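Spelled out, the chains give:
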Number of protein chains: 2
Amino acid sequence: MNSINNVFHLIKTCPDSKARAGELITPHGIVPTPVFLPVASQGSIKTLTPDEVKDVGIAMVLANTYRLYLRPGVSTVAKMGGLHRFMDWDRAILTDSGGYQIFSLAPLRRVNDEGVIFRSHIDGSEHLITPELAIQFQETLGADIIMVLDECPAYDDSFEKVRGAMNRTHQWAERCQRAQKSAAQALYAIVQGGVFPQLRRQSAEYLTSLEFPGYAIGGLSIGESKKVTFAMVEETVALLPENKPRYLMGVGSPEDLLNGIARGVDIFDSALPTRIARNGALFTRIGRVNIRNAAYSQVEQPVDADCDCYTCRTFSAAYLHHLFDCQELLAYRLATIHNLAFVSRLMHKMRGAILDGTFGSFKDEFLTSYQPTDEQVRLDQKHKWLKSRGLNQ
Amino acid sequence: MNSINNVFHLIKTCPDSKARAGELITPHGIVPTPVFLPVASQGSIKTLTPDEVKDVGIAMVLANTYRLYLRPGVSTVAKMGGLHRFMDWDRAILTDSGGYQIFSLAPLRRVNDEGVIFRSHIDGSEHLITPELAIQFQETLGADIIMVLDECPAYDDSFEKVRGAMNRTHQWAERCQRAQKSAAQALYAIVQGGVFPQLRRQSAEYLTSLEFPGYAIGGLSIGESKKVTFAMVEETVALLPENKPRYLMGVGSPEDLLNGIARGVDIFDSALPTRIARNGALFTRIGRVNIRNAAYSQVEQPVDADCDCYTCRTFSAAYLHHLFDCQELLAYRLATIHNLAFVSRLMHKMRGAILDGTFGSFKDEFLTSYQPTDEQVRLDQKHKWLKSRGLNQ
């Protein structure tokens, strides 16, 4: 479906990389790209009011269809005037289809060509979701961008298994396209294919032939190494149409955003900046620091002297350390504000650099001072988190 | 010690009751009385930024010397420019002496005439606090109003035990007075005497003879019935000087504020409005309601249609219910904002009624529609909470 809304304008491409600046025209405003979407899984960016999310410069958020379907229920959200009104967010929203959550959160799932039967991770009740229902739910929630239902294999599944999931994802993408009733939403396809270049290419080519208004790259950043992640991004982006937005799902560390943008990605989402904030990990010019570290207990300066967010404008690192030390709920808010402000500002700067033709030097400069999280530490954290999730995001 | 700061002006007394309107002149602004102080035990009104606390009309907060002494330490707060700057609160602050916390929170305490030796409830380390140290700590924190160190018996202790604690409190009050070095703080005495009218009278008379700039009524609202609480308030207030502020410690439900004001109290503090908010209990015109109740899941109106707070202006009761249902951290903020706005507005209205000479009818009208929490339920909750505290406030 087409509409005057949900059009993507490509404004400029970097001469030295595949980085691009553009804008998405949505029913809830223009979203400059590249753009980062924080995660409002259950209709709330954890700890923040919508006003605070706007204040740090966020233009679009992601909400989880699986979560909202289970609680409070899609019909309740509709009764309250739709998701924008329910959560008091008047800017753009993207909803995922629920596929990823069902495959990673819900126990006892049975998948066949028809759809997925799963049990709620909350009360064990049994539910069926089909491509048609995924679209119906998302249209009812009323997001600006919605996603096809996909089958998400694990990062270490076999070639055969991943190929099967990919083929099913393709069939489901077609059914989702046919099921769409409203022109108010832009429906994006999701390229699958795991860590197999051949499957990634096949998936990108097949889905491109169906002419979706946007393409996501799914099934990455779920436990594989970063080298593999970005090799798959390159394989996929090379086959996606120039004039359509590309969305790398589940990516959100500063260094990954930079690397994704350099490879031609326009849209990102991740719970990482907000989740690690609640653990005391804060982004700074030199990398992540942990405010729980005793060294901060006597620091009168803000945690990040370069930052103009409310937290850094108002409080000493010592106060923030104290709040974390005492498990005061304000701690999680102040850290979340800072991390989102950091990522939002970084996206804004990168877009500016692309428009100025200086993205290459910006990237080099950033990576000179910013110390990315150690790859092994990161993978260990990710695996630990994947095991424990369902409790948190 | 006297200063041009920290003076109390009595403006008007209600013709039908002992209710009075006045103002406290503090180094951080004029505080209209009667006034309610929410509790920032550890230098933060739980879940809120200082801006939000101001937005709901709060003029003064209470911070705990015991808590701040243990974490982050009095010297750290001093190094960060004092408590006002540390927590970014530029309005008035009252600090308690730590007495109540030591007697209710700390394990293994030994009290003698010199002071109290106690173990930290956090790490078990041993500490001594004396009246002189209590004053030194509070002067270092830099609050506007500070409190004498008192010995706090339990609500069901014997006459002998309560009398002993009262006598020691009197000796300590004199030592606190002598220890005071700065004129920037007003030092208030604390009347003790438990539930024994004879001791309450003796304590009020003795402390009044020492001429403090303000008098607190301590050792109430700690497990005894409300009838007893207010009988003791009446006994005490009758013997306190007209031109000095009276502060009823630990009281903060809407009906108790009303009853305390009617008996001539000017200052109140309590963790109740913020603590019960985090459990989903919200004040409304008709009494406390619990937003967790399933009936709210489909209510599009705000939880309190009469309220102009951010929460009620912005969100449906259904959204608030959903956030509590999902344990989203935003829930606790939105509920806290509402309860503080409710109490703050109630105080403002009562002061207006006293000034207008209509307090009597205001009180009758309020109590006609507002259903106070059942006495037995309240006492059970209080006893349960007293057992569990140390974990929360």
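Before going into details, it helps to say that this report is about the structure given with it.

Across its full length, chain A carries 16 helices and 16 strands. For a compact globule of 393 residues, the expected C-alpha radius of gyration is about 21 Å, and chain A comes in at 20 Å, within 12% of that figure. Each of the three principal axes of chain A carries a C-alpha extent, and together these read 60 × 50 × 40 Å. With 393 residues in all, chain A has 61% of them scored as buried. In chain A, which carries 42 positive and 43 negative side-chain charges, the distance between the mean positions of the two groups comes to 3 Å.

What follows covers the interface of chain A and chain B. Contact with chain A, which involves 40 residues of that partner, is made by 40 residues of chain B. Carbon and sulfur atoms supply 53% of the area that chain A and chain B bury against each other, a total of about 3,500 Å² over both sides. Our enumeration of links across chain A and chain B arrives at six salt bridges. For lysine 46 of chain A, the salt bridge goes to glutamate 328 of chain B, with nearest N and O atoms at 2.9 Å. Counting every contact that joins chain A to chain B gives 20 residue pairs in polar contact (both at pLDDT 80 or more). Elements supplying a minimum of two residues to the side of chain A that touches chain B: helix H1 (50–55), helix H3 (74–79), helix H4 (83–86), helix H12 (310–314), helix H13 (317–325) and helix H14 (329–356) of chain A. Per-element accounting of the side of chain A that touches chain B gives the leading share, five residues, to H13 of chain A.

In this section: the pattern of salt bridges. Residues and elements named next belong to chain A. Overall, the coordinates contain 40 salt bridges over all chains when judged by the stated rule. For aspartate 113, the salt bridge goes to arginine 168, with nearest N and O atoms at 3.0 Å. Of this pair, aspartate 113 sits in the loop between strand S7 (110–111) and strand S8 (116–119) while arginine 168 sits in helix H7 (residues 159–179), and the two are 55 residues apart along the sequence.

As for its position among the elements, threonine 76 of chain B is in helix H3 (residues 74–79). Classification of threonine 76 of chain B by relative accessible area gives buried; the value is 5%.

What follows is about the pairing of strand S1 (residues 7–13) of chain B. Residues and elements named next belong to chain B. Both S1 and strand S2 (residues 20–26) contribute to a ladder of six bridges, which runs antiparallel. Across the sheet, residue threonine 13 finds its bridge partner in S2, namely arginine 20. Where S1 folds back onto S2 in an antiparallel hairpin, the turn is made up of six residues.

Geometrically, a pair of aromatic rings is defined through the distance of the ring centres and the angle of the planes. With the rule as written, the count across this model stands at 24 aromatic pairs over all chains. Pairing phenylalanine 212 of chain B with tyrosine 215 of chain B gives two aromatic rings, centres 6.2 Å apart and planes at 75 degrees, and the pair type is edge-to-face. By relative accessible area, tyrosine 215 of chain B is classed as buried at 1%. Plain terms: the ring middles of phenylalanine 283 of chain B and phenylalanine 342 of chain B are 5.5 Å apart, the flat faces sit at 40 degrees to each other, and that makes the pair tilted. Here phenylalanine 283 of chain B is found in strand S15 (residues 281–284), whereas its partner phenylalanine 342 of chain B is found in helix H14 (residues 329–356), with 59 residues between them in sequence. Taking the relative accessible area as the measure of exposure, phenylalanine 283 of chain B reaches 0% and is therefore buried. Through pairs of rings, three or more aromatic residues link up here, namely Phe283, Phe342, Phe362, Phe366 and Tyr370 of chain A.

To continue, consider the sheet that holds strand S10 (residues 145–147) of chain B. All names here are of chain B. If you trace the eight strands from one edge of the open sheet to the other, you get S4-S14-S13-S12-S11-S10-S6-S5, paired in parallel fashion. The open sheet has two edge strands, strand S4 (35–37) and strand S5 (60–64), and neither has a second partner. Ignoring which end each strand starts from, the neighbouring axes of this sheet average 25 degrees apart. Here five bridges tie S5 to strand S6 (residues 92–96), and the two strands are oriented parallel to one another. Residue pairing in the sheet places valine 61 in a bridge with isoleucine 93 of S6.

Reading guide: rules and limits
Residues numbered from 1 in each chain as written. Chains lettered and ligands numbered in written order. Predicted model: local features only at pLDDT ≥ 70, side-chain atom pairs only at ≥ 80, totals over all residues. Heavy atoms only, no water. Helix = DSSP H or I, 4+ residues; strand = E, 2+ residues; numbered from the N terminus. Rg over C-alpha atoms; globule rule 2.2 N^0.38 Å. Buried < 20%, exposed > 50% of the residue type's maximum accessible area, 1.4 Å probe, protein only. Lys, Arg positive; Asp, Glu negative; His and termini not counted. Charge placed at Lys NZ, Arg CZ, Asp CG, Glu CD. Contact = heavy atoms within 4.5 Å. Buried area = accessible area lost by both parts, 1.4 Å probe. Salt bridge = Lys/Arg side-chain N within 4 Å of Asp/Glu carboxyl O. Polar contact = N/O pair within 3.5 Å; in protein donor to acceptor, adjacent residues only side chain to side chain. Pairing = 2+ DSSP bridges. Phe/Tyr/Trp six-rings, centres within 6.5 Å; stacked < 30°, edge-to-face > 60°. Axes fitted to C-alpha atoms, helices over the stretch in contact; angles between N-to-C directions.

Keep in mind these numbers describe shape, not what the thing actually does.
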